[in-house]
There are 2 protein chains.
Amino acid sequence: VQNGTRPDLTLAITRGASRLLTDMGFALVPEFTLPNGRRADLAGLSRKGRIVIVEVKSCREDFTADAKWPSYLEYCDQFYFATDTRFPAGLLPEGEGRIVADAYGGAIIADAEVRTLAGSRRKAMTLSFARQAAFRLTV
Amino acid sequence: VQNGTRPDLTLAITRGASRLLTDMGFALVPEFTLPNGRRADLAGLSRKGRIVIVEVKSCREDFTADAKWPSYLEYCDQFYFATDTRFPAGLLPEGEGRIVADAYGGAIIADAEVRTLAGSRRKAMTLSFARQAAFRLTV
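Residues numbered from 1 in each chain as written. Chains lettered and ligands numbered in written order. Predicted model: local features only at pLDDT ≥ 70, side-chain atom pairs only at ≥ 80, totals over all residues. Heavy atoms only, no water.

### As for the overall build of chain A
Along the backbone of chain A there are three helices and six strands. For chain A, the α and β elements follow one another from N to C terminus as α-β-β-β-α-β-β-β-α. Relative to its length of 139 residues, chain A is compact, with a C-alpha radius of gyration of 14 Å against a globular reference of 14 Å. Projecting the C-alpha coordinates of chain A onto the three principal axes gives extents of approximately 40 × 35 × 25 Å. Counting across all 139 residues of chain A, residues that qualify as buried make up 50%. Taking the contacts inside chain A whose residues are at least 6 apart along the sequence as the reference set, 58% of them involve residues at least 24 apart. Summed over all atoms, the accessible surface of chain A reaches about 6800 Å², with 52% contributed by carbon and sulfur. (Helix = DSSP H or I, 4+ residues; strand = E, 2+ residues; numbered from the N terminus. Rg over C-alpha atoms; globule rule 2.2 N^0.38 Å. Buried < 20%, exposed > 50% of the residue type's maximum accessible area, 1.4 Å probe, protein only. Contact = heavy atoms within 4.5 Å. Areas by Shrake-Rupley, 256 points an atom, 1.4 Å probe, with all protein chains shown as cover.)

Written out as structure tokens, the structure is:
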């Protein structure tokens, strides 16, 4: 990482990816806790109920240290990695989506494969998304 | 209303009712927009996906001016009026739930009839709840 610390970079990429997904019509919950107990960096819910998960990778080490990302696939319709432009592209597995982002916005540079969730899983995920979002509101 | 203005009283009752429902395990969205375009004072979503709507009534006039509350019934499993202790109890329709609350908490003094939502309606309501909650988070 040349400029900025790794947390700064993660924050910037998360923000840009969030803007992109918001523009695409997704409602977002950052730091979304999955049923398996792990946290995804961003979960998005479309108007039609489709669920996207985005995992932010700030640098090579951030990706290579993570053996758990495949476990996210079963909880979403589409999965994306989000990185900055300097991330070594060849490192990412083929077939998964990729977003390139900075603090101001982002773009999808590789479409994510669509794995349509089963009805019962979608129902549970939507309920979990709803409750996680609402519990973060200060009522 | 003897003490405080009507908006103050509405806020206090809403806060107390929210605490009660939170203690009961509901995730809450205040000012929830229903599919018919009207806003319910509080919508709650239980861990099992049951939906409750609470309509706060600060005083007699607040209730008598509202001809629309029956239209909320078709969007929830249970419906409650929330009032303070001074609200004229006889005014409220039989059969609907009633919460008495102040700024610090509340209690259910009449259980709400259970009207179980149809699956498609519940699905749409849960999705709407999820997106309304998430859109209020500052990402």
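### Let's talk about the nonpolar core
A general tendency of soluble globular proteins is for nonpolar side chains to be buried together. Counting residues in hydrophobic clusters, the biggest one holds 54 residues, and the most contacted among them are A:F129 and B:F129. Beyond its immediate stretch of four places on either side in the chain, B:F129 contacts A:A130, A:A134, B:A27, B:L28, B:V29, B:F32, B:A43, B:G44 and B:L45. (Core = buried A, V, L, I, M, F, W, Y, C linked by side-chain atoms within 4.5 Å.)

### Remarks on the interface of chain B and chain A
Each side of the interface is counted separately: chain B has 23 residues, and chain A has 23 residues. When chain B packs against chain A, close to 1900 Å² is buried across both sides, 77% of that on carbon and sulfur atoms. Counting across the interface, chain B meets chain A through zero salt bridges. Viewed at the interface, chain A and chain B are joined by four residue pairs in polar contact (both at pLDDT 80 or more). Among the elements that line the side of chain B that touches chain A, the one with the most residues is helix α3 (residues 119-135) of chain B, at eight residues. Of the residues in the side of chain B that touches chain A, the class split is 14 nonpolar, five polar and four charged. (Buried area = accessible area lost by both parts, 1.4 Å probe. Salt bridge = Lys/Arg side-chain N within 4 Å of Asp/Glu carboxyl O. Polar contact = N/O pair within 3.5 Å; in protein donor to acceptor, adjacent residues only side chain to side chain. Nonpolar A, V, L, I, M, F, W, Y, C, P; charged D, E, K, R; others polar.)

### With respect to the packing of aromatic side chains
A complete count under the given rule lists 14 aromatic pairs over all chains for this structure. Measuring from ring centre to ring centre gives 5.5 Å for A:F63 and A:F81, while their planes differ by 80°; the resulting arrangement is edge-to-face. One end of the pair, A:F63, is in helix α2 (residues 60-64); the other, A:F81, is in strand β4 (residues 78-83), with 18 residues separating them in the sequence. Take A:F63 and A:F81: they sit in the same class, and that class is buried. Considering the side-chain rings of B:F63 and B:F87, the 6.5 Å spacing of their centres and the 90° angle between planes classify their relative orientation as edge-to-face. (Phe/Tyr/Trp six-rings, centres within 6.5 Å; stacked < 30°, edge-to-face > 60°.)

### Describing the sheet that holds strand β5 (residues 97-102) of chain B
For sheets, the rule is that strands pair by backbone hydrogen bonds, running either parallel or antiparallel. All names here are of chain B. The strand order β1-β2-β3-β4-β5-β6 describes an open sheet built from six strands, whose pairing is mixed. The sheet is open, and its two borders are formed by β1 (27-33) and β6 (105-110), each paired with just one other strand. Averaged over all adjacent pairs, the angle separating strand axes in this sheet is 30°, with direction ignored. Relative to β6, β5 runs antiparallel, the two being bridged by five bridges. Residue D102 lies in a different strand from β6, and its bridge partner there is G105. (Pairing = 2+ DSSP bridges. Axes fitted to C-alpha atoms, helices over the stretch in contact; angles between N-to-C directions.)

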